[in-house]
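Residue-level listing of the chains:
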Amino acid sequence: MKNVTVVDHPLVQHKLTAMRRKETQPPEFRRLLREISVLLAYEVTRDLKLAATPIETPLTPMQAPSLVGPRPCLVSILRAGNGLLEGMLELLPEAAVGHIGIYRDHETLEAVEYYFKVPSDIAQRLVIVTDPMLATANSSTAAVERLKKAGAKDIRYVCLLAAPEGVRAFGAAHPDVPIFTAVVDEKLNERGYIVPGLGDAGDRLYGTK
Ligand code: PRP
Ligand code: URA
């Protein structure tokens, strides 16, 4: 699985354990996902380019490192992607934000798209796609396909939990798109849920079960 970076920082793992607990309620679930997303953003942006910029401190002029292009665009896969989006925007406040509405058909597990809105200059941006769950990879594969059709070239995918089956399927469809995740879990069950997992991320975020 060479397309995957597992963010195994102890704070991420500890907070993820709290999210997995079945008794954790939406307010705490949302807070934990937001906190983890800041830590994931730190990893996914680790190799961004810097250039020396002339500035003046109160004491002296200096050449100080500043970020130089490409400008980022965060793309949230609705609904659950919004849970990762907010914390990432705290670290990347200048980022543009796109939204892709996709849900899994519960019978076929196929991805169904219902909304798509991204900035018109997506081809020039570093695109970071957020969705906490990479299960069969039907949703993520369709989302990235759609983004490429819209012109995106430089894409990274950030999730919280991935299934090995999903990582393989996504890697086969989009070998150019690196995945960042907090963990690769054991397997998918017969209904396409990640095991041990954390259940339905959207329902647990927004209390819709
Ligand atoms: C969840 C999750 C992913 C998708 C992952 O969304 O947020 O988008 O399932 O599953 P896959 O890898 O098998 O495609 P869901 O379909 O439950 O939609 P929701 O966010 O609107 O609840
Ligand atoms: N979507 C979820 O929200 N959870 C899973 O385990 C699989 C897909």
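In this text, all values refer to a predicted model and were calculated from it rather than measured experimentally.

### Things to note about the packing of aromatic side chains
Moving on, step 1. Scanning all chains against the criterion turns up 2 aromatic pairs.
Moving on, step 2. Between Tyr 103 and Tyr 114, the aromatic rings sit 6.1 Å apart at their centres with planes inclined by 35°, giving tilted as the arrangement. With Tyr 103 in strand 5 (residues 96-104) and Tyr 114 in strand 6 (residues 111-117), this pair connects stretches of sequence that are 11 residues apart.
Moving on, step 3. Residue Tyr 114 is classed as partly exposed on the basis of its relative accessible area of 46%.
Moving on, step 4. Arg 104 extends its terminal NZ or CZ atom over the ring of Tyr 193, reaching a point 5.4 Å from the ring centre.
Moving on, step 5. Above the face of the Phe 116 ring, Arg 146 is positioned so that its terminal group lies 3.8 Å from the ring centre.

### Quick look at the site of ligand 2
Moving on, step 1. Arg 104, Met 133, Ala 135, Gly 192, Tyr 193, Ile 194, Gly 199, Asp 200 and Ala 201 make up every residue found near ligand 2.
Moving on, step 2. Measuring from a nitrogen atom of ligand 2, one finds a backbone N or O atom of Gly 199 at 2.8 Å.
Moving on, step 3. Contact between ligand 2 and Ala 201: an oxygen atom at 2.8 Å from a main-chain N or O atom of the residue.
Moving on, step 4. Against a free-state accessible area of 240 Å², the protein chains account for coverage of 89% of ligand 2.
Moving on, step 5. A molecule is said to occupy a pocket when more than half its atoms come within 2 Å of that pocket's grid points, and by this definition ligand 2 occupies the largest pocket.
Moving on, step 6. Within the shell around ligand 2, the residues separate by chemical class into 5 nonpolar, 2 polar and 2 charged.

### A short note on the site of ligand 1
Moving on, step 1. Neighbouring ligand 1 are 14 residues; Arg 79, Arg 104, Asp 131, Thr 136 and Ser 139 lie closest to it.
Moving on, step 2. At 3.3 Å, a backbone N or O of Ala 80 approaches an oxygen atom of ligand 1.
Moving on, step 3. Take Ala 135: an N or O atom from its main chain is 2.8 Å from an oxygen atom of ligand 1.
Moving on, step 4. For ligand 1, the accessible surface in isolation is 500 Å², of which the surrounding protein chains cover 92%.
Moving on, step 5. Of the pockets mapped on this structure, ligand 1 occupies the largest pocket.
Moving on, step 6. Here the shell around ligand 1 is built from residues that sort into 7 nonpolar, 3 polar and 4 charged.

What counts, and at which threshold
Per chain, residues are indexed from 1 in the order of the written sequence. Each chain takes a letter, starting from A, and each ligand takes a number, starting from 1, following the order in which they are written. In keeping with the predicted nature of the model, local features appear solely for residues at pLDDT of at least 70, side-chain atom pairs appear and are counted solely at 80 or more, and the whole-chain, interface and lining totals rest on all residues. Side-chain metrics in this entry use all non-hydrogen atoms of the structure; hydrogen atoms and water are not considered. Note on aromatic contacts: the rings of Phe and Tyr and the six-membered ring of Trp form a pair at centre separations within 6.5 Å, being stacked when their planes are under 30 degrees apart, edge-to-face when over 60 apart, and tilted otherwise. Here a strand is any run of E in DSSP of at least two residues, a helix any run of H or I of at least four, and the numbering for each starts at the N terminus. Residue burial is assigned from relative accessible area. The probe radius is 1.4 Å, only protein chains are included, and a residue is buried under 20% of its type maximum, exposed over 50%, and partly exposed in between. Two conditions define a charge sitting above a ring: the NZ of Lys or the CZ of Arg must be within 6 Å of the ring centre, and it must be within 35 degrees of the ring normal. A cutoff of 4 Å decides nearness: a residue is near a molecule or strand if any of its heavy atoms lies inside that distance of it. Polar contact is defined as a pair of N or O atoms within 3.5 Å, subject to the rule that within protein one atom must be able to donate a hydrogen and the other to accept it, and that residues adjacent in sequence are counted only when both atoms are side-chain atoms. Per-residue accessibility takes into account occlusion by the displayed protein chains alone, with areas from the Shrake-Rupley method and a 1.4 Å probe. Here a cavity means grid points, on a 1 Å grid over the protein atoms only, where a 1.4 Å probe fits yet cannot get out; a pocket means an open set of points with protein on both sides within 12 Å along at least five of seven lines; lining residues are those with an atom within 4 Å of a point. To be counted as sitting in a cavity or pocket, a molecule needs more than half of its atoms within 2 Å of that site's grid points. When residues are sorted by character, Ala, Val, Leu, Ile, Met, Phe, Trp, Tyr, Cys and Pro go into the nonpolar class, Asp, Glu, Lys and Arg into the charged class, and all the rest, Gly among them, into the polar class.

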